[in-house]
Amino acid sequence: MADTRRVTVSTDAHGHTTGWAEATATGPTPTHSRAAAFFDVDNTMMRGASIYWFARGLAARRYFTTGDLARFAWRQARYRLLATEHAGDMSQARQAALAFVEGWRVDAVERLAEEIFDELMAPRIWAGTRRLAQRHLDAGQRVWLVSAAPVEIGRVIAARLGLTGAIGTVAEVVDGAYTGRLVGELMHGPAKAEAVTQLATVEGLDLPRCTAYSDSCNDLPMLTTVGRAVAVNPDGALLRVARERGWEVRDFRTGRRAARIAVPSTAALGLLAGAVSAGRALHRRRRPA
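Just so it is clear, the model here is predicted, and its values are computed rather than measured.

Rules used in this analysis
Residues numbered from 1 in each chain as written. Predicted model: local features only at pLDDT ≥ 70, side-chain atom pairs only at ≥ 80, totals over all residues. Heavy atoms only, no water. Helix = DSSP H or I, 4+ residues; strand = E, 2+ residues; numbered from the N terminus. Buried < 20%, exposed > 50% of the residue type's maximum accessible area, 1.4 Å probe, protein only. Contact = heavy atoms within 4.5 Å. Pairing = 2+ DSSP bridges. Salt bridge = Lys/Arg side-chain N within 4 Å of Asp/Glu carboxyl O. Axes fitted to C-alpha atoms, helices over the stretch in contact; angles between N-to-C directions. Parallel < 35°, antiparallel > 145°, perpendicular 65-115°, else oblique. Nonpolar A, V, L, I, M, F, W, Y, C, P; charged D, E, K, R; others polar.

A short note on the overall build of the protein
Counting secondary structure elements, the protein contains eleven helices and ten strands. The buried share of the protein, reckoned over its 289 residues, is 57%. A fraction of 68% describes how many contacts in the protein between residues 6 or more apart in sequence connect residues 24 or more apart.

The following block contains the structure:
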């Protein structure tokens, strides 16, 4: 994949580090507009968690075993049911988030992410959410994904969808390879709002003219940072807030299927924390060439 994009890392006054990466220009070229749209990924742009599908793709390529993946999924289920986000869990999630890619080359991970997107993620993109993003592009606005997943994975998804780029968790890279450590914090909750605000400053965006989309109440900081908030496939808590504040609600799920696939944003953190067990086993096996 040609490296025609830039990765920017910025630290705000509070010491939080955010990262954004532009995607290869594959869609309409945005006009100069001070408005933009920000889309959460998991259960907003696609069904399920992007990092889980990435892990599934790695398992299919035998980078780790079915048992490792089962432990990975078990941690997801734990976070879904308990929605645990106390300090200890967050600390564990942060330490484990990218342990599984320690020593891997960045270009190899991006290549795998492209293959896995085409195989497992593309069929799970919500057509309705994709149309919402396209409307912003057609209006000459920039469209950014905002995800707790590593920014490189977000960038691949954005490129495949023809979007402007992605905001995501930043991994430390030395000599083109991941160290397994994070730079700053997970892109979650208030960190998303801070990243959007920083990007708006860099890109000259007018936040009151911008729009944000999410399925989870955990993204309320981001949703309230912009002028227009839209709840997409919302969890119960976000739906209540949306109704109270008169926000637009878009639900592309139907009936019992909606209840089955709705996954709180905390699941993304559970998946990252799940890399403690699955990632260590993966690291003992083989790395991508």
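Considerations on the pairing of strand β8 (residues 211-214)
The alternating pattern of β8 places T211 and Y213 on one face and A212 and S214 on the opposite face, and all of these are buried. Bridge count for β8 against strand β9 (residues 228-232) is four bridges, and the pairing is parallel. Among the inter-strand pairings, Y213 is bridged to a residue of β9, identified as V230.

Some points on the pattern of salt bridges
For the structure shown, the criterion picks out 13 salt bridges. Notably, a salt bridge pairs D40 with K192, separated by 2.9 Å at the nearest N-O pair. Here D40 is found in strand β3 (residues 36-40), whereas its partner K192 is found in helix α7 (residues 190-203), with 152 residues between them in sequence. Taken individually, D40 and K192 each receive the classification buried, so the pair is uniform in this respect. Here R181 ties to E172 by a salt bridge, and the two come within 2.6 Å at their closest N and O atoms. A relative accessible area of 24% places E172 in the partly exposed class. One continuous salt-bridge network, built from bridges that share partners, spans R61, R111, E115 and E119.

Concerning the packing of helix α1 (residues 50-60) against helix α4 (residues 106-121)
Close contact between α1 and α4 brings their axes to 9 Å; oriented N to C, the two are set at 100°. Between α1 and α4, the angle falls in the class roughly perpendicular. Contacts from S50, W53, F54, R56, G57 and L58 of α1 reach α4 at V109, L112, A113, I116, L120 and M121. For the contact of α1 with α4, a count of residues per class yields nine nonpolar, two polar and one charged.

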